Amino acid sequence: ETGSCCVAQLACCCGSAGCSLCCDCCPRIRQSLSTRFMYALYFILVVVLCCIMMSTTVAHKMKEHIPFFEDMCKGIKAGDTCEKLVGYSAVYRVCFGMACFFFIFCLLTLKINNSKSCRAHIHNGFWFFKLLLLGAMCSGAFFIPDQDTFLNAWRYVGAVGGFLFIGIQLLLLVEFAHKWNKNWTAGTASNKLWYASLALVTLIMYSIATGGLVLMAVFYTQKDGCMENKILLGVNGGLCLLISLVAISPWVQNRQPHSGLLQSGVISCYVTYLTFSALSSKPAEVVLDEHGKNVTICVPDFGQDLYRDENLVTILGTSLLIGCILYSCLTSTTRSSSDALQGRYAAPELEPGLPLCFTDTEEQQPGKEGPRVIYDEKKGTVYIYSYFHFVFFLASLYVMMTVTNWFNYESANIESFFSGSWSIFWVKMASCWICVLLYLCTLVAPLCCPTREFSV
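Residues numbered from 1 in each chain as written. Predicted model: local features only at pLDDT ≥ 70, side-chain atom pairs only at ≥ 80, totals over all residues. Heavy atoms only, no water.

Student: Explain the overall build of the protein here, please?
Tutor: Counting its regular elements, the protein contains 17 helices and four strands. For the protein, with 456 residues in total, the buried portion stands at 45%. When contacts within the protein are restricted to residue pairs at least 6 apart in sequence, long-range pairs at least 24 apart make up 77% of them. (Helix = DSSP H or I, 4+ residues; strand = E, 2+ residues; numbered from the N terminus. Buried < 20%, exposed > 50% of the residue type's maximum accessible area, 1.4 Å probe, protein only. Contact = heavy atoms within 4.5 Å.)

What follows is the structure, encoded as structure tokens:
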């Protein structure tokens, strides 16, 4: 029985079905979910590889514990200590291969409406061959001629793609805030309890935002000094107040009756989070006290001991980074999210739920055997294939820039990434301000273009 299961799994890897999801020892799963899961798994494998390449600890451990390490490096022409396989340049090459992989599939899957076409079968299956293709493309990037020119050009492409990935997430956050308020306001027509729910959630949002700014003012500023932190907290707090006043202003209310404090509360919470994340990513300031000792200022006292176990911090930080990127990718590739980015806010598509297992009673009747993969896209795709790959293409560029410390790539390594960086700090602060600007645009645009119809 075990042997037949393995044979079935091998057939799945080489055929047009979800990898290792069509044999009896695996639970039932929708095809749309299994496909996205497999692409996400490929993405995780490459991201982990990039983190290993940026780790000085891993490089030293390999040199110490692998016999004939230097001979092996010379044998594969990777340098005396495999220096060509580590560092920011190696990550650029690997991410170039992954980005090309997803971009090719983005072009291959254009205009696919159901899972019956030949191109749809390629998208939903042949996982073993696609894994080989991904590996070949990542490896082939190391043989690109004129590496210096390639790295310089690819660096700018990565920066543009990384910022575009951030922009997509910010746009979807603004769209989510508007839809949430609109749906709950519509519920007040049938049940007045929705008013209480709106008021309670809005109060919670503003309490979190206000409390967060106050706590940051307490822990990230001091009576003397820390002027930069004080200015940033003041500016971001003022922006939260500004968007709240604009959202409830009579001019905006006349054009957008659904605009209210719930949306601005959601944006204010996100601004507070980004402000905290930016201040946490800021390099520590060290000064001499009256005894001539180095003292870290403008950070919480308990924050000075957070990085004692660098390995633990690196593992947890990397896991959190991968989790956040995957969540952003998978939640922004639904059909409704794609429509929202194009300005179309139709009724949301029926998306499969979070549980991976298929729970349809007809398919799970006792004694009834069937495929372990439920083909749920024969009549129409649940998500847009090409857009799905395009988001992962941008995510590949975002990972490349983030892991290599954006524009401070030459001195970057994964251990110091989580201890503070000016480039990471300013990227997060810029994201914060762009988010506010996008939200203000959605409020002010109907006033500037009164003849055009805006629907959110």
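Once the structure has been displayed, the description carries forward.
Student: Looking at this model, I keep getting lost on a nonpolar patch on the surface. Mind explaining?
Tutor: Residues Met227, Ile231, Val235, Trp422, Trp426 and Trp433 make up a contiguous nonpolar surface patch of roughly 590 Å² in combined accessible area. Looking at the nonpolar patch, the elements that each hand over two or more residues are helix H10 (227-247) and helix H17 (422-448). With respect to the helices and strands, the residue Val235 is situated in helix H10. (Patch = residues over 30% accessible without salt bridge, like charges linked within 9 Å, V, L, I, M, F, W, Y side chains within 5 Å. Areas by Shrake-Rupley, 256 points an atom, 1.4 Å probe, with all protein chains shown as cover. Salt bridge = Lys/Arg side-chain N within 4 Å of Asp/Glu carboxyl O.)

Student: How should the state of the cysteines be read in this particular structure?
Tutor: Formally, a disulfide is one covalent bond, and it connects the sulfur atom of one cysteine to the sulfur atom of another. Applying the stated criterion to the full structure yields zero disulfides. Free of any disulfide, Cys50 has its nearest cysteine sulfur in Cys95, 3.6 Å distant. (Disulfide = S-S within 2.5 Å.)

Student: Is there a simple way to think about the packing of helix H5 (residues 88-108) against helix H15 (residues 385-403) in this case?
Tutor: Interhelical geometry of H5 versus H15 gives an angle of 170° and a closest axis separation of 8 Å. Between H5 and H15, the crossing angle belongs to the class labelled roughly antiparallel. Residue-level inspection shows Val91, Tyr92, Cys95, Met98, Ala99, Phe102, Phe103, Phe105 and Cys106 of H5 in contact with H15, the latter providing Ser386, His389, Phe390, Phe392, Phe393, Ser396, Leu397, Met400 and Met401. Grouping the constituent residues of the contact of H5 with H15 by class yields 15 nonpolar, three polar and no charged. (Axes fitted to C-alpha atoms, helices over the stretch in contact; angles between N-to-C directions. Parallel < 35°, antiparallel > 145°, perpendicular 65-115°, else oblique. Nonpolar A, V, L, I, M, F, W, Y, C, P; charged D, E, K, R; others polar.)

Student: What's the story with the environment of Leu241 in this structure? I'm lost.
Tutor: As for its placement among the helices and strands, Leu241 is situated in helix H10. Residue classification places Leu241 among the exposed positions, given a relative accessible area of 53%. Separated by 27 residues in the primary sequence, Leu241 and Ser268 have C-alpha atoms spaced 8.5 Å apart.

Student: In this structure, what is going on with the nonpolar core? I would like to understand it.
Tutor: For soluble globular proteins, nonpolar side chains are generally found buried alongside one another. By size, the foremost hydrophobic cluster in this structure holds 85 residues, and its most contacted members are Phe43, Phe101, Phe102, Phe165, Ile267, Ile325 and Phe392. Sort the elements by how many residues they give to this core and H15 lands first, with 14 residues. Once residues within four sequence positions are removed from consideration, Phe101 is found in contact with Tyr39, Tyr42, Lys130, Leu133, Leu134 and Met137. With nine residues, the next largest nonpolar core counts Tyr220, Leu232, Leu279 and Phe425 among its residues. (Core = buried A, V, L, I, M, F, W, Y, C linked by side-chain atoms within 4.5 Å.)

Student: Just checking my understanding: could you explain the packing of H5 against helix H7 (residues 127-140) for this structure?
Tutor: Helix-helix packing: each pair is described by the crossing angle between the helix axes and the interaxial distance. Between H5 and H7, the shortest axis-to-axis distance is 7 Å and the interhelical angle comes to 135°. The pairing of H5 with H7 is recorded here as oblique in orientation. Remark: the crossing between H5 and H7 carries right-handed chirality. Two secondary-structure elements touch here, H5 through Arg93, Val94, Gly97, Met98, Cys100, Phe101, Ile104 and Phe105 and H7 through Lys130, Leu133, Leu134, Met137 and Cys138. Residue classes in the contact of H5 with H7 are distributed as ten nonpolar, one polar and two charged. (Left-handed = near helix turned anticlockwise from the far one by under 90°.)

Student: Would you explain the packing of aromatic side chains in this entry?
Tutor: Two descriptors summarise a pair of aromatic rings, namely the distance from one centre to the other and the angle between the planes of the rings. Here the structure, examined in full by the defined rule, presents 25 aromatic pairs. Centre to centre, the rings of Phe96 and Phe150 are 5.0 Å apart; their planes meet at 85°, and the pair counts as edge-to-face. With Phe96 in helix H5 and Phe150 in helix H8 (residues 147-187), this pair connects stretches of sequence that are 54 residues apart. By relative accessible area, which is 22% here, Phe96 ends up partly exposed. An aromatic cluster is built from Tyr39, Tyr42, Phe43, Phe101, Phe102, Phe105, Trp127, Tyr383, Tyr385, Phe388 and Phe392, whose rings are joined through pairwise contacts. (Phe/Tyr/Trp six-rings, centres within 6.5 Å; stacked < 30°, edge-to-face > 60°.)

Student: Looking at this structure, I do not really get the pattern of salt bridges. What am I missing?
Tutor: Working definition: two side chains of opposite charge can pair if their charged atoms are close together. The final tally for this structure, using the stated rule, is two salt bridges. In this structure, the salt-bridge partner of Lys179 is Glu175, at a minimum N-O distance of 3.6 Å. Here Lys179 pairs with Glu175, and both are found in helix H8, just four residues apart, close to one helical turn. As far as burial versus exposure is concerned, Lys179 and Glu175 are alike and both buried.

Student: In this structure, what is going on with the environment of Leu133? I would like to understand it.
Tutor: Following the sequence through the fold, Leu133 ends up in helix H7. Considered as a pair, Leu133 and Phe101 are 32 residues apart in the sequence and their alpha carbons are 7.8 Å apart. Apart from residues lying up to four places away in sequence, Leu133 is in contact with Phe101 and Phe105.

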